[in-house]
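So you can see what is in the structure, the chains are spelled out below.
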Amino acid sequence: MRQPMVAGNWKMNGSSSSVSELIEGIKAGVGAANAEVVVCPPYIYIPAVASAIAGSDIHLGAQNMCDQDSGAFTGEVAGPMLKDAGCEYVIIGHSERRAIYGESDEVTAVKYAAVLKNNLKPIFCIGESLEEREQGITEQVVARQIDAILDGSGVASLANAVLAYEPVWAIGTGKTATPEQAQEVHAFIRGKIAEQDAAIAEGLRILYGGSMNPGNAAELRSQPDIDGGLIGGASLKADDFLTICTAN
Ligand code: 13P
């Protein structure tokens, strides 16, 4: 049985006071969650959140990571630093990193390998644009994105990773993939991994991301190949996030 996961990607939002309020709110309700609960704050709030969640059931992640461990890389944050600060997960390959900061499949693959090397766990994001969906090439796109990490790190690496299918057209748009659309792609992804290793595929958690909210979480989460969610906007309100964490 795969343990479901619900992860909040706070993106570039918050302040000291709003972050404190949010994490206290999540802490108060996390006991009712039927999933592993992860929060991914902006780097600068990671230490404060790490202190706040100490001893709780909330897990900590970062939104990005440098592929190098230390040195002259102005503005970057390294894996050993994230580990030192208490992180367990790192989001890699988010479509905003790919589209806005030009991260190619090759860059995401190198970062994915660096996360694992640092004994952290990647939450590796994949997903097609609206144009690609309309062209009917969704499966080719996600297969190519997955092949980048399989070629670089091998299928066994997925034993320590989580995948997140996030159709770009559903991110922050209020447009959600229907449960059937999402399930279809999740099943394709699991089948693709199973071609290389059936046991790894069976144990792999594949999250859905893209306008998941308290109203649609239960139906999405009930699909057989959807193992939880990677939540943007709705993870910034404790009540909404907790509703998604408890949905079934
Ligand atoms: P939204 O939930 O705001 O659509 O964002 C999804 C996302 O990008 C999570 O990484």
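Check the entry above for the structure.
What comes next concerns the included structure. Predicted model, so just to flag it, every value in this text is computed and none were measured.

### Side note on the overall build of the protein
Broken down by element type, the protein carries 11 helices and eight strands. Relative to the 2.2 N^0.38 estimate, which gives 18 Å for 248 residues, the radius of gyration of the protein is 17 Å and therefore close to what a compact globule would have. Sorting the 248 residues of the protein into buried and exposed places 52% on the buried side. Expressed as a percentage of contacts within the protein between residues at least 6 apart in sequence, the contacts between residues at least 24 apart total 70%. Surface exposure of the protein reaches about 10,700 Å², of which carbon and sulfur atoms provide 51%. One way to put it: in the protein the 17 positive side-chain charges average out to a point 3 Å from where the 31 negative ones average out.

### Re the site of the ligand
Taken together, 13 residues lie near the ligand, and Lys11, His94, Gly172, Ser211 and Gly233 sit nearest. At a separation of 2.7 Å, an oxygen atom of the ligand approaches a polar backbone atom of Gly172. A distance of 2.8 Å is found between an oxygen atom of the ligand and a backbone nitrogen or oxygen belonging to Gly233.

### A few points about unusual backbone geometry
In the Ramachandran plot, Lys11 falls in the positive-phi region, its phi being about 50 degrees despite a non-glycine side chain. Summarising the element assignment, Lys11 is placed in the loop between strand S1 (5-9) and helix H1 (16-29). A positive phi angle, near 55 degrees, is found at Ser211, a position not held by glycine. For Ser211, the position within the fold is in the loop between strand S7 (205-209) and helix H10 (217-221). Using a relative accessible area of 17% as the deciding quantity, one classes Ser211 as buried.

### Overview of the packing of aromatic side chains
Counting across every chain of the model gives two aromatic pairs. Seen from their ring centres, Tyr112 and Phe124 are 5.6 Å apart, and the 75 degrees between their planes marks the pair as edge-to-face. Placement of Tyr112 in helix H5 (residues 105-117) and of Phe124 in strand S5 (residues 121-126) is noted, with a sequence separation of 12 residues between them. When its relative accessible area of 0% is taken as the criterion, Tyr112 is described as buried. Taking relative accessible area as the criterion, Phe124 reaches 0% and is therefore assigned buried.

### Focus: the sheet that holds strand S3 (residues 58-62)
Strand order in the closed barrel made by the eight strands is S1-S2-S3-S4-S5-S6-S7-S8, with parallel pairing throughout. Neighbour to neighbour, the strand axes of the sheet diverge by 25 degrees on average, direction disregarded. For strand S6 (residues 162-165) and S7, the ladder comprises four bridges, and the chain directions are parallel. Its bridge partner being in S7, Ala164 is matched across the sheet by Leu207. Most of the contacts of helix H11 (residues 238-246) go to S1, to which it runs at about 160 degrees, and overall it touches S1, strand S2 (36-40) and strand S8 (228-231).

Cut-off values and rules
Residues numbered from 1 in each chain as written. Predicted model: local features only at pLDDT ≥ 70, side-chain atom pairs only at ≥ 80, totals over all residues. Heavy atoms only, no water. Helix = DSSP H or I, 4+ residues; strand = E, 2+ residues; numbered from the N terminus. Rg over C-alpha atoms; globule rule 2.2 N^0.38 Å. Buried < 20%, exposed > 50% of the residue type's maximum accessible area, 1.4 Å probe, protein only. Contact = heavy atoms within 4.5 Å. Areas by Shrake-Rupley, 256 points an atom, 1.4 Å probe, with all protein chains shown as cover. Lys, Arg positive; Asp, Glu negative; His and termini not counted. Charge placed at Lys NZ, Arg CZ, Asp CG, Glu CD. Near = heavy atom within 4 Å. Polar contact = N/O pair within 3.5 Å; in protein donor to acceptor, adjacent residues only side chain to side chain. Phe/Tyr/Trp six-rings, centres within 6.5 Å; stacked < 30°, edge-to-face > 60°. Pairing = 2+ DSSP bridges. Axes fitted to C-alpha atoms, helices over the stretch in contact; angles between N-to-C directions.

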